[in-house]
Amino acid sequence: MNVRELWQKPEARFLILFLTILGVSFTVVALKQVNDAFVTPYTAVIAQMSGFILRVFGEKASVAGCVVSSPRFAVTIYNGCNGLITSLIFISGVLAFPAKLSAKLIGVIGGLVTIQLINLVRIVSLYYIGVFLPQHFNDAHIFVWQSLVILAGISLWILWAHKFALPQEAS
Amino acid sequence: MKNSTQHFLRRLPITLIAATFIWLLLRPAIDMAVAGVTQTLIRSFEYPRVTRLVVEDHRAQMRRADLRTDSRVHTVSMTEITFNTIVLLALYLALPRPFSRHQLERLFMGWCVLGLCQSLNLLFHVKTLYALGLGEWSQVHYSDFARNFYGFGRYFTDLPGRFSFPFLIWLGFNWEVVMKMLGIQEDAPTKSKTKGKKANGRG
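Keep in mind the model is a prediction, meaning the values are calculated, not measured. (Residues numbered from 1 in each chain as written. Chains lettered and ligands numbered in written order. Predicted model: local features only at pLDDT ≥ 70, side-chain atom pairs only at ≥ 80, totals over all residues.)

Draft legend 1. Structural view of the overall build of chain A. Within chain A, the secondary structure is distributed over six helices and three strands. Beginning at the N terminus, the succession of helices and strands in chain A can be written as α-α-α-β-β-β-α-α-α. Reported as C-alpha extents along the three principal axes, the dimensions of chain A are approximately 65 × 40 × 30 Å. Per-residue burial over chain A gives 36% buried out of 171 residues. Within chain A, contacts between residues separated by at least 24 positions form 61% of all contacts whose residues are at least 6 apart in sequence. (Helix = DSSP H or I, 4+ residues; strand = E, 2+ residues; numbered from the N terminus. Buried ≥ 20, exposed ≤ 12 C-beta atoms within 10 Å, placed from the backbone. Contact = placed C-beta atoms within 7 Å.)

Right, dumping it as C-alpha cells:
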C-alpha cells in the first residue's frame, strides 16, 4: 500500500491528521513566547471567571494573576488546570475527523465552551472541597477531576461526531 | 445515534467509578511496577549504577548511592503519573463485551503500553532533575543538548502525555471497534482502486 492509497482511507487519514495536529499543537503551546503571550493570560482569564463565580456564590474571593483566594481557601490555576490540554485533544479530534467545515466550526467553538464550563465547575468544586474537605483536596484534584475532564472531552468528541459530523442516515 | 455509541456513553460514568476502584486497589502494585521499570531503564544506561527509586506513600524517592546520606531526597508524585490508568480502564470497560478474551487481551496489551509511557514519564522526571536540578554537578555531567532533551521529554510525557496517552492507546488497540462506533469506517469506499483485490472495509 502506498501513501496515496493510505491517505484515501478515511480512518488512516484521520489518524495521521489527528496525531500531526496533536503533536504540533502540544509543541506550539510549549514555546515560551506562546506560553507568555497566550497560555498565561488564558489561565488568568479562567482564574477571573472562577473568582467571579465564587463571588456570585457569596465568597469573598479575589484574583491575582492565576491565584484565586479568599479568607477561607486559595487555589492556584496551573497549566494543567486550565482545560487547555483537553481542549487541544478535542480540537485535534474534530479537525482531523472527516466532516464539513461548518460541522468542524461548531465542534471547535461548542467543544471549547463546554470543556471550559466543565473546567469552571471543576475549579469551583475544588475550592469548596478545599474549604470543607481539605484532606481530600489532592485526590479530588489529581485523579477524580482530571479523569473526569479527559473522559468528558472524549465523550463530547464522540457526541459531536454523531450529532454534527456524520450524515444523518449514517448516524 | 447508533446503539453501540449510546451504550458506550451510558456505560462510561459507571465504568469510570469501577476503574477508579480498580486503580485504587492496584495502586501500590502499579507504583512499584512503574518505579521498578524506570529504575531498570535508568540503570541500564548508568555507570556506575547508583540510582535507586523507592516508593513510599505514593511518592517515588530518587536516591543515589553516591550522594551523602544527609542530602535532600527529591520525590515525584506517583499518583500524578499513574492516575491515567483510570481513563484507560474506563474507556476499555465501556466498550461492548469488555470481558471477552479478545478485549481482555487488548486491555492487557494497552495497559502494558501505558505502563511503559508512565515509566518514561518518571524517567524524564529523574533525568531532568539530574540534568537541571543538582547545581554544579548537573552542569559538569550533562550537556546543554541533554538538558534540552530531558526537559522536552519531561514536558511531553507530563501533561500532554498523561492526558492523551490513554485515549491514543485505547484508540489504537480498539481501532476497528471505535472507527465503526464513530461511523468513519462505514463511510469508507470499500470498492476503491485496489487492483482487483477485494477490500474488506477493515482498513
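Read on for the rest.
Draft legend 2. Representation of the pairing of strand β2 (residues 59-64) of chain B within the structure. Residues and elements named next belong to chain B. Direction of pairing for strand β1 (residues 51-56) relative to β2: antiparallel, over a ladder of six bridges. Within β2, the position partnered with Arg52 by the bridge is Arg63. Where β2 meets strand β3 (residues 74-77), four bridges bridge the pair, whose relative direction is antiparallel. What sits directly across from Ala60, in β3, is Val76. (Pairing = 2+ DSSP bridges.)

Draft legend 3. Molecular detail of the interface of chain B and chain A. Each partner contributes residues to the interface: chain B has 29 residues there, and chain A has 29 residues. Contributions of two or more residues to the side of chain B that touches chain A are made by α1 (3-44), α2 (78-82), α3 (84-94), α6 (144-157), α7 (159-173), α8 (175-182) and α9 (184-187) of chain B. The element best represented in the side of chain B that touches chain A is α7(B), accounting for five residues. Residue composition of the side of chain B that touches chain A, by class: 18 nonpolar, seven polar and four charged. (Nonpolar A, V, L, I, M, F, W, Y, C, P; charged D, E, K, R; others polar.)

Draft legend 4. Representation of the sheet that holds strand β3 (residues 74-76) of chain A in the model. Residue and element names in this part refer to chain A. Pairing within the open sheet is antiparallel, and its three strands lie in the order β1-β2-β3. In the strand order of this sheet, the two ends are held by β1 (62-64) and β3, each with one partner. The sheet shows a mean angle of 15° between the axes of neighbouring strands, taken without regard to direction. In terms of strand pairing, β1 meets strand β2 (residues 67-69) through three bridges, oriented antiparallel. Paired with Ser62 across the bridge in β2 is Ser69. (Axes fitted to C-alpha atoms, helices over the stretch in contact; angles between N-to-C directions.)

Draft legend 5. Quick peek at the confidence of the model for chain B. Residues and elements named next belong to chain B. The share of residues in chain B with pLDDT of 70 or more is 90%, and the mean pLDDT across the chain is 87. Averaged pLDDT values over the elements of chain B bottom out at 60 in α9 and peak at 96 in α3. Within the model, the stretch residues 187-203 combines pLDDT values under 50 with 18 contacts to residues more than four positions away or in other chains. Overall fold confidence (pTM) sits at 0.88, and the ipTM for the predicted complex is 0.88. (pLDDT = per-residue confidence, 0-100.)

Draft legend 6. Structural detail: helix α4 (residues 84-96) of chain A. Residue and element names in this part refer to chain A. End to end, α4 covers 18 Å across 13 residues, agreeing with the expected 18 Å (1.5 Å per residue, within 8%). Among the 13 residues that make up α4, 11 are buried, leaving the element largely enclosed by the rest of the structure. Listed as buried for α4 are Leu84, Ile85, Thr86, Ser87, Leu88, Ile89, Phe90, Ile91, Ser92, Gly93 and Val94. (Expected span 1.5 Å × (residues − 1).)

Draft legend 7. A look at α3(B). Counted residue by residue, α3(B) has 10 buried out of 11 residues, so it is predominantly covered. Along α3(B), the positions that sit buried rather than exposed are Asn84(B), Thr85(B), Ile86(B), Val87(B), Leu88(B), Leu89(B), Ala90(B), Leu91(B), Tyr92(B) and Ala94(B). Those residues of α3(B) that are buried lie in contact with α6 (137-165) of chain A together with α1, α2, α4 (101-132) and α7 of chain B.

Draft legend 8. Representation of the environment of Gly111(A). Residue and element names in this part refer to chain A. Mapping Gly111 onto the fold places it in helix α5 (residues 101-132). The exposure class assigned to Gly111 is buried, which follows from the 21 C-beta atoms found within 10 Å. Separated by 17 residues in the primary sequence, Gly111 and Val94 place their C-alpha atoms 9.1 Å from one another. Setting aside chain neighbours within four positions, we find Gly111 in contact with Phe90, Ile91, Val94, Leu156 and Trp160.

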